[in-house]
Amino acid sequence: MTVIMQEFPLTVGRILDHAAKYHPNRKIVSRSVEGPITHTNWANIQRQAKKLSQVLLSMGVQTGDTIGVMAWNTARHFEVWYGVPGAGAVNHTLNPRLFADQLVYIINHAEDRLLMVDFDLIPTIENIWDRLKTVENIIVMTDREHMPESSTLDLLCYEELLEKQDGNCEWVEVDETAPCGICYTSGTTGDPKGVVYTHRSNTLHALASSAPDMLGLSSNDVVMPVVPMFHANGWSLGYTAPMMGSSMVMPGRDMSAKGLYEMLGFGVTFTAAVPTIWMLMLQHLQSNNLTLPTLERVIIGGASCPRAVIETFQNDYDVQVLHAWGMTEMSPVGTVCTFKPEVTALDASGRLDAQGTTGHPPYSVDLRITDDAGVEQPWDGNTSGKLWARGAAVVQRYFKQDSDAVDKDGWFDTGDVATIDENGYMRITDRSKDVIKSGGEWISSISLENAAVAHADVAEAAAIGIPHPKWDERPILVIVAMPDKSPDPQDILALVAQSFAKWQVPDDVVFMDELPHTATGKISKLELRKILNNQGYELP
Ligand code: ADP
């Protein structure tokens, strides 16, 4: 049979084209890194993004080149978000909070040719510059007036470069399966792993995750992404919001509850962040007697959302909470907790129970739970198992790895442990991957352990996450000392602090005579957690 439907490549430039053509005047309000609040719209963002793609092409950027972007959530970041893939290049989001060694590793590993950086983050780049192997140029995302002085770096000015262009061009044509962005995630080993998103996966993911039973975005929404755009594909809001023609409020680098509350005042109806941010926000609202007059929905994910946060938002502020689960490897939305008819039919407390789960997947995400032998487990809401995922926007293989990250049937092991109930609502019950998550950011336990055993009097070390009311988890070190030695805990922590950011340094050191091991000789973190629990261990 002859194919008679049109080819419509699913490239992300078309998302911005749609916003600029059909929702051109939708407001984009932004707290700029320079300070003032700026106002723009999708039509202007498109023009600027096109100018940027002209700049990049004039600098010799080729299709498939990787460009590192280290920037806060601002309107200008949107121009880059689309200008980079619009030039055929790959947008590598850089988290400025990473420890220097990790930044060096991922920039070299991704082979970034060019860096685009907010002006306040230039010192971070100066600090690592002599270790970067592939970067040829640095564009500072500001105007001439705010250009920083640097004795080590040759800096180009973003606004000056864009002024010389007319924005009159088409996006560079690429296949929909071409790479569009790359985001690194901390794995169980010390080295971060790159997840490469394609134009097609980003487009399909945005379509699926903005559906009514998922984020349910529309052109009447004003969306404020608090979750940084460099974190897990920015939870895809950089694609879903323009695709649905929403307005946006960009909070810039001020993540304080006071700063965010000011930005909510620009008519925000929908916002998204990790639980820690919302706990601080609720405290701020309560202690200052404030209300949330325009906010309708808040998406909370990245870590388990406490029931009290859900209850307070809904009962005291009339804001619907969407508890969600996702991963960098899944672009990132895996499940969102909205009400299917079975849940709508429950009483208030039953619905709240359902919201303790992370909900159900969108079309294009498929989930299953298995026991250790790979046997599928029942969906009874009680039996837990390893959680596996597959789908149109789920990683197949990490960047530059020799083998796939999925099993022979295409299932990706999420490293989470979960139950699924008869209605398909998934609840995370544990984590089998060996990483600690604090305030929404990863800390590699293996790297902490390696740093600790570098101490001459330490025989064995285990880093584990202890539940924490504000940060979700905080790391501690459990140490077995060398025979007849009793190392000073402060010395061990000082040694760790030499190679970790301050917030990653463990809160405590606990000494034990021996650590529990699995049959294969690995430290059993599950067993270790049980032992500490039985001892009534509490964080200092
Ligand atoms: P993000 O933090 O944006 O979800 P990451 O890739 O950094 O993405 O982290 C993914 C991991 O975070 C998941 O595999 C899971 O361990 C944890 N996680 C994410 N959302 C939740 C949630 N709602 N409840 C419990 N854990 C979660």
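Source: prediction; values computed, not measured. (Residues numbered from 1 in each chain as written. Predicted model: local features only at pLDDT ≥ 70, side-chain atom pairs only at ≥ 80, totals over all residues. Heavy atoms only, no water.)

### Re the domain arrangement of the chain
Consideration 1: Domain assignment breaks the chain into domain 1 (13-273) and domain 2 (436-534).
Consideration 2: A C-alpha centroid distance of 35 Å is found between domain 1 and domain 2.
Consideration 3: The interface is formed by 9 residues belonging to domain 1 together with 12 residues belonging to domain 2.
Consideration 4: Of the roughly 830 Å² buried at the junction of domain 1 and domain 2 (both faces included), carbon and sulfur atoms supply 48%.
Consideration 5: Counting the surface domain 1 buries against domain 2, the share from its top three residues, Arg97, Phe99 and Ser186, is 51%. (Domains from an automatic or database assignment. Contact = heavy atoms within 4.5 Å. Buried area = accessible area lost by both parts, 1.4 Å probe.)

### Here's the deal with the packing of aromatic side chains
Consideration 1: Applying the stated rule across the entire model yields 6 aromatic pairs.
Consideration 2: Ring geometry for tryptophan 42 against phenylalanine 78: centres 5.4 Å apart, planes inclined by 80°, an arrangement best described as edge-to-face. Of the two residues, tryptophan 42 sits in helix α2 (residues 42-58) while phenylalanine 78 sits in helix α3 (residues 75-86), which places them 36 residues apart along the sequence. Of the two residues examined, tryptophan 42 and phenylalanine 78, each falls in the buried class.
Consideration 3: Seen from their ring centres, phenylalanine 99 and phenylalanine 500 are 6.5 Å apart, and the 25° between their planes marks the pair as stacked. (Phe/Tyr/Trp six-rings, centres within 6.5 Å; stacked < 30°, edge-to-face > 60°. Helix = DSSP H or I, 4+ residues; strand = E, 2+ residues; numbered from the N terminus. Buried < 20%, exposed > 50% of the residue type's maximum accessible area, 1.4 Å probe, protein only.)

### A word on the pairing of strand β2 (residues 37-41)
Consideration 1: Both strand β1 (residues 27-31) and β2 contribute to a ladder of 5 bridges, which runs antiparallel. The residue bridging serine 30 from the neighbouring strand is threonine 38, located in β2.
Consideration 2: Hairpin geometry of β1 and β2 is characterised by an intervening segment of 5 residues between the two adjacent antiparallel strands and by a positive phi of about 130° at glycine 35. (Pairing = 2+ DSSP bridges.)

### With respect to the pattern of salt bridges
Consideration 1: For the coordinates displayed, the defined rule picks out 23 salt bridges.
Consideration 2: Across the pair glutamate 262 and lysine 258 runs a salt bridge, and its minimum N-O distance is 3.6 Å. Of this pair, glutamate 262 and lysine 258 both sit in helix α9 (residues 257-264), 4 residues apart, roughly one helical turn.
Consideration 3: Each of Arg31, Lys258 and Glu262 takes part in salt bridges that share partners, so that together they form one network. (Salt bridge = Lys/Arg side-chain N within 4 Å of Asp/Glu carboxyl O.)

### Digging into the sheet that holds strand β23 (residues 472-481)
Consideration 1: In space, the 3 strands of this open sheet follow the order β22-β23-β24, with mixed pairing throughout. Every other strand in the sheet has two partners, leaving β22 (458-468) and β24 (509-511) as the edge strands with one partner each. Recorded for the sheet is a direction-independent mean angle of 30° between the axes of neighbouring strands.
Consideration 2: Bridge count between β22 and β23: 10 bridges; the pairing is antiparallel. The partner of isoleucine 466 across the bridge, within β23, is arginine 474.
Consideration 3: Across the face of the sheet, helix α14 (residues 445-453) comes into contact with β22 and β23 while running at roughly 140° to β22.
Consideration 4: This element, helix α15 (residues 489-497), spans β22, β23 and β24 of the sheet and lies at about 130° to β24. (Axes fitted to C-alpha atoms, helices over the stretch in contact; angles between N-to-C directions.)

### Topic: the sheet that holds β1
Consideration 1: As summarised here, the arrangement of the 8 strands in space is β2-β1-β11-β10-β12-β13-β14-β15, forming an open sheet in which the pairing is mixed. The open sheet has two edge strands with one neighbour each: β2 and β15 (333-336). The average angle at which neighbouring strand axes cross in this sheet is 20°, direction not considered.
Consideration 2: The sheet contact formed by strand β14 (residues 320-326) and β15 spans 3 bridges and is antiparallel. The residue bridging alanine 324 from the neighbouring strand is valine 336, located in β15.
Consideration 3: Across the face of the sheet, α2 comes into contact with β1, β2 and β11 (247-250) while running at roughly 90° to β2.
Consideration 4: Its contacts with the sheet place helix α11 (residues 307-317) against β13 (297-300) and β14, and it is angled at close to 145° to β14.

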